[in-house]
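If you want the building blocks of each chain, they are given just below.
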Amino acid sequence: MKRLLLPWLSALLLGSLATSPLHAAPVSTPEVEAELIAENTALVPGENWVALRLRPTPEWHVYWRNPGDSGIPTKLQWTLPDGVTAGEIQWPYPHAESLGDLTNYGYSTETLHLVPLTVSPDLSAKTLTLKATASWLACRDVCVPGKVDLSLSLPFAAQTHANPDWTPNFAAARAQLPQPAHDWPAAFSVDGGSVSLRIEADQLLGAEHLAFFPYANDLVNHAAPARIAHDSDTAVRLSQSLSEYFVDPPETVDGVLVVERDGQSRAWEIQARPGTVAMVSEPELRAPPAAGISASTATPAVAPGFLLVLLFALLGGLVLNLMPCVFPVLSLKALSLVKGGNHDASERRRQVYAYTVGVVASCVLVAAAMIGLRSAGEAVGWGFQLQSPVFIGILAYVMFALGLSLSGAAQFGMGLMGLGSGLAARPGLSGSFFTGVLAVVVASPCTAPFMGTAMGYAMTQPTYVALTVFATLGLGLALPFLLIGWFPQLAALLPKPGAWMELFKQFMAFPLYLTVVWLLWVLVRQTDAQMMARVMMGLVLIAFAMWLWNRSGPLSASLKLGALAAAIGLLFVAPVASIGGPNHGDTAEAWSPQRVAELRADGRTIFVDFTADWCLTCKVNERVALKSSRVEQLFTDRDVAVLVGDWTRSDPAITAELARFGRNGVPLYLVYVRGGEPKMLPQLLTPEIVAKALE
């Protein structure tokens with residue numbers, strides 16, 4: 001009986017080998033199960049299809065070709081018989097995975113990574129063994145790299161049949177592959193710190209959800225929310241903030257557009273060419289949580305209405321008058337109004353109007369510069385000019401010259417009236433206008449309450465809306481003096497002119513000198529002691545020029561011009577080396593999205609302080625609240641991780657994070673209680689506000 005069974009069993013085994021794929025069992029790690037599989041039972045001459053099957057353990061995911069904010073795409077390194085070549089992985093469309101403040105693109109369920117194989121017809125082998133090393137990164141709250149060796153043996157035959165074990169899987173994988181749509185009318189443009197696409201196709205009719213996954217990793221801020229609007233039933237526009245790593249607009253924007261309609265999702269491969277596309281300001285149709293242009297776990301604040309934003313801008317400008325960075329300059333305007341007490345109401349009104357025009361025009365000019373720089377790919381916000389050491393040096397010169405003028409060291413004449421402080425100190429309408437200009441310049445280190453919401457909104461809107469918001473901010477800054485022009489009876493509240501005015505004028509020089517000291521401190525924090533020494537030498541040259549200011553003769557004129565030129569030249573002597581940022585103590589760490597994600601995964605309470613050395617509001621909050629004994633003890637008792645985002649010098653990552661929370665400048669304070677969702681604190685802090693936020 002045994003002799004009869006053995007030949008029969010051998011024949012049965014050989015027959016099964018000829019009709020079924022030979023392959024090793026799946027290889028598993030604690031995070032992912034991996035396997036090489038084939039669509040058919042044998043390899044044939046020409047095109048064949050195999051797949052890397054990855055099945056992540058629940059709550060884990062692997063990555064798409066563009067992994068998003070972090071991660072590594074899955075890779076295959078083949079070892080194939082002669083005459084067999086492998087193509088590139090054909091990627092199914094991904095979904096978004098959020099880990100803390102990061103948004104990544106990948107797969108959390110079983111996925112087939114299809115790969116085409118080309119087999120030469122000249123092969124003589126009966127069986128072909130395919131070998132591949134598969135590597136991936138699997139992430140949950142932690143990330144674990146994986147790497148396994150896989151093999152698959154298949155008969156080589158003239159004909160083949162579909163493998164019934166895997167036919168449904170291959171069909172499902174092909175349904176998730178993007179279909180070419182390069183002939184669809186698609187255009188893109190980069191404007192206002194965003195990339196915008198316009199796509200038109202009949203396949204968009206009735207779309208319930210849209211998602212665009214770019215192939216380029218450095219194009220968009222992956223965690224920023226989508227702004228999607230319908231131009232018609234078959235045309236949509238999509239806008240998303242640019243990546244902090246964005247440099248130059250690409251020749252084309254390529255990616256995958258996923259359209260969900262009637263509960264079914266289909267994907268198309270889009271190629272958009274440069275064109276004129278209006279940026280979407282307010283979304284009409286938001287991308288779903290799984291969208292490539294998706295919101296991260298921190299939901300941005302809902303944009304307020306336009307009229308409310310204008311009110312916030314007006315109030316923010318009004319409160320700026322009380323900020324220490326603005327008050328010294330406002331004393332110039334106050335003195336001119338008191339000195340002109342004998343003028344008629346019409347003259348006073350003209351001076352106030354000139355001051356208002358100077359303030360509003362300067363605010364609009366700053367806004368236009370910000371919009372232009374952001375359109376060019378620069379990450380800037382309110383106070384961006386104070387991220388330039390050269391600008392800080394020039395501002396220190398102007399404030400010092402103003403202080404010397406108020407102290408009586410020199411009186412500005414008509415010689416070089418175009419130079420900053422001389423224009424501001426000049427009597428008449430031009431002096432009022434340039435006092436308004438100077439008020440805006442020195443207001444840039446301060447962010448008053450209400451301003452953050454207004455400016456954050458403005459930077460996401462079309463240009464004319466943004467300029468309107470900034471003009472309203474300027475109107476608020478000029479409002480106290482404007483009211484005096486509108487209501488002459490208010491002028492009666494001003495003190496009468498007298499000998500006290502000279503004493504008051506000289507006293508007002510000291511806040512200006514203190515401002516110079518503060519600017520020098522900001523400068524040394526941004527750069528180094530050598531740069532501060534050069535600026536201090538420049539201040540001596542400014543004092544020398546002021547001493548010669550009203551002296552006539554060609555020698556005096558030459559010396560004045562030479563001293564001023566040398567002072568300016570000192571600002572450009574050598575490259576500026578950046579050193580450390582604000583000192584927040586030994587327990588604070590530098591902010592980064594990755595660090596936030598790690599701490600949230602550990603369940604830690606996090607306090608994030610976005611600050612800058614030139615931000616006076618930030619420094620007041622540090623003294624009043626953050627460095628108070630009560631708050632420091634709370635941080636210790638509750639094991640709070642303090643992260644500091646230093647915006648003293650331009651940092652695109654911080655600029656992008658500010659924008660994500662609807663802010664365009666510092667300060668911004670966030671609290672993640674026990675790793676939960678972020679809570680945004682007011683711009684003016686007290687120990688009580690911080691303590692309540694930590695509960």
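**Brief notes about the overall build of the protein chain**
And then number 1: Counting its secondary structure elements, the protein chain contains 19 helices and 25 strands.
And then number 2: Residues classed as buried in the protein chain amount to 51% of the 695 residues present.
And then number 3: Contacts in the protein chain between residues at least 24 apart in sequence constitute 76% of all its contacts with a sequence separation of at least 6.
And then number 4: As displayed, the protein chain offers around 30,600 Å² of accessible surface, 61% of which is attributable to carbon and sulfur atoms.

**Let's talk about the sheet that holds strand β23 (residues 641-646)**
And then number 1: Ordered by their spatial adjacency, five strands build an open sheet running β21-β23-β22-β24-β25, and the pairing between neighbours is mixed. Each edge of the sheet is formed by a strand with only one pairing partner; in this case those strands are β21 (589-590) and β25 (678-680).
And then number 2: Pairing analysis gives six bridges linking strand β22 (residues 606-611) to β23, with the strands arranged parallel. Bridging from a neighbouring strand, Phe607 pairs with Val642 of β23.
And then number 3: In the packing of helix α18 (residues 652-660) onto the sheet, contacts are made with β22, β23 and β24 (668-672), and the angle to β22 comes to roughly 110°.

**Details of unusual backbone geometry**
Only a minority of non-glycine residues have a phi that is not negative, and only a minority of peptide bonds are not trans.
And then number 1: Positive phi is not limited to glycine here, since Glu59 has a value of about 80°.
And then number 2: Within the element layout of this structure, Glu59 appears in the loop between β4 (46-56) and β5 (62-68).
And then number 3: Even without being a glycine, Arg674 presents a positive backbone phi close to 50°.
And then number 4: Among the structural elements, Arg674 can be located in the loop between β24 and β25.
And then number 5: A relative accessible area of 60% means that Arg674 is categorised as exposed.

**Section: the pairing of β22**
And then number 1: Within β22, six of the six residues are buried, leaving the element largely enclosed by the surrounding structure.
And then number 2: Because side chains alternate across β22, one face comprises the buried residues Ile606, Val608 and Phe610, and the other comprises Phe607, Asp609 and Thr611, equally buried.
And then number 3: Relative to β24, β22 runs antiparallel, the two sharing five bridges. When the sheet's bridge partners are listed, Phe610 is paired in β24 with Leu668.

**Things to note about the sheet that holds β4**
And then number 1: What the five strands build is an open sheet, ordered β2-β3-β4-β10-β7; its pairing is antiparallel. The outermost strands of the open sheet, each flanked by one partner alone, are β2 (27-28) and β7 (84-86).
And then number 2: Two elements, β4 and strand β10 (residues 111-119), share nine bridges in a ladder whose sense is antiparallel. Paired with Glu47 across the two strands is Thr118, which belongs to β10.
And then number 3: Running over the sheet, helix α2 (residues 167-175) touches β3 (32-38), β4 and β10 and is turned about 100° from β10.

**Some words on the packing of helix α3 (residues 306-320) against helix α10 (residues 463-486)**
And then number 1: It is the contact of α3 with α10, at a shortest axis distance of 6 Å, that shows an interaxial angle of 35°. Handedness of the α3/α10 crossing: right-handed. Across from Phe306, Val309, Leu310, Ala313, Leu314, Gly316, Gly317, Leu318 and Leu320 in α3, the residues of α10 making contact are Val465, Thr468, Val469, Thr472, Leu473, Leu475, Gly476, Leu477, Leu479 and Pro480.
And then number 2: A per-class count over the contact of α3 with α10 returns 14 nonpolar, five polar and no charged.

**A closer look at the side chain of Glu39**
And then number 1: Within the secondary structure, Glu39 sits in the loop between β3 and β4.
And then number 2: For Glu39, a relative accessible area of 18% translates into the label buried.
And then number 3: Of note is the side chain of Glu39, whose polar atom sits 2.6 Å from the side chain of Arg174.
And then number 4: Each residue touching Glu39, except ones within four places of it in the same chain, is listed here: Trp49, Ala162, Asn163, Phe170 and Arg174.

**Quick notes on the packing of aromatic side chains**
And then number 1: What the rule picks out here adds up to 11 aromatic pairs.
And then number 2: Residues Trp591 and Phe610 carry aromatic rings whose centres are separated by 5.1 Å and whose planes lie at 65° to one another, so their mutual orientation is edge-to-face. With Trp591 in the loop between β21 and α15 (593-601) and Phe610 in strand β22, the pair connects residues that are 19 residues apart, well separated along the chain. Of the two residues, Trp591 and Phe610, both sit in the buried class.
And then number 3: Among the aromatic side chains, those forming a connected cluster through ring pairs are Trp64, Tyr105, Phe213 and Tyr215.
And then number 4: The ring centre of Tyr215 lies 3.7 Å from the NZ or CZ of Arg65, which sits over that ring.
And then number 5: Sitting above the plane of the Trp49 ring, Arg174 keeps its charged end 5.2 Å from the centroid.

**Details of α18**
And then number 1: Among the nine residues that make up α18, seven are buried, leaving the element largely enclosed by the rest of the structure.
And then number 2: All buried positions along α18 are accounted for by Ala653, Ile654, Thr655, Ala656, Glu657, Leu658 and Arg660.
And then number 3: Immediately beyond the C-terminal end of α18, within one or two residues, lies Gly662, with a positive phi of roughly 70°.

How each quantity is defined
- Residues numbered from 1 in each chain as written.
- Predicted model: local features only at pLDDT ≥ 70, side-chain atom pairs only at ≥ 80, totals over all residues.
- Heavy atoms only, no water.
- Helix = DSSP H or I, 4+ residues; strand = E, 2+ residues; numbered from the N terminus.
- Buried < 20%, exposed > 50% of the residue type's maximum accessible area, 1.4 Å probe, protein only.
- Contact = heavy atoms within 4.5 Å.
- Areas by Shrake-Rupley, 256 points an atom, 1.4 Å probe, with all protein chains shown as cover.
- Pairing = 2+ DSSP bridges.
- Axes fitted to C-alpha atoms, helices over the stretch in contact; angles between N-to-C directions.
- Left-handed = near helix turned anticlockwise from the far one by under 90°.
- Nonpolar A, V, L, I, M, F, W, Y, C, P; charged D, E, K, R; others polar.
- Polar contact = N/O pair within 3.5 Å; in protein donor to acceptor, adjacent residues only side chain to side chain.
- Phe/Tyr/Trp six-rings, centres within 6.5 Å; stacked < 30°, edge-to-face > 60°.
- Lys NZ or Arg CZ within 6 Å of the ring centre and 35° of its normal.

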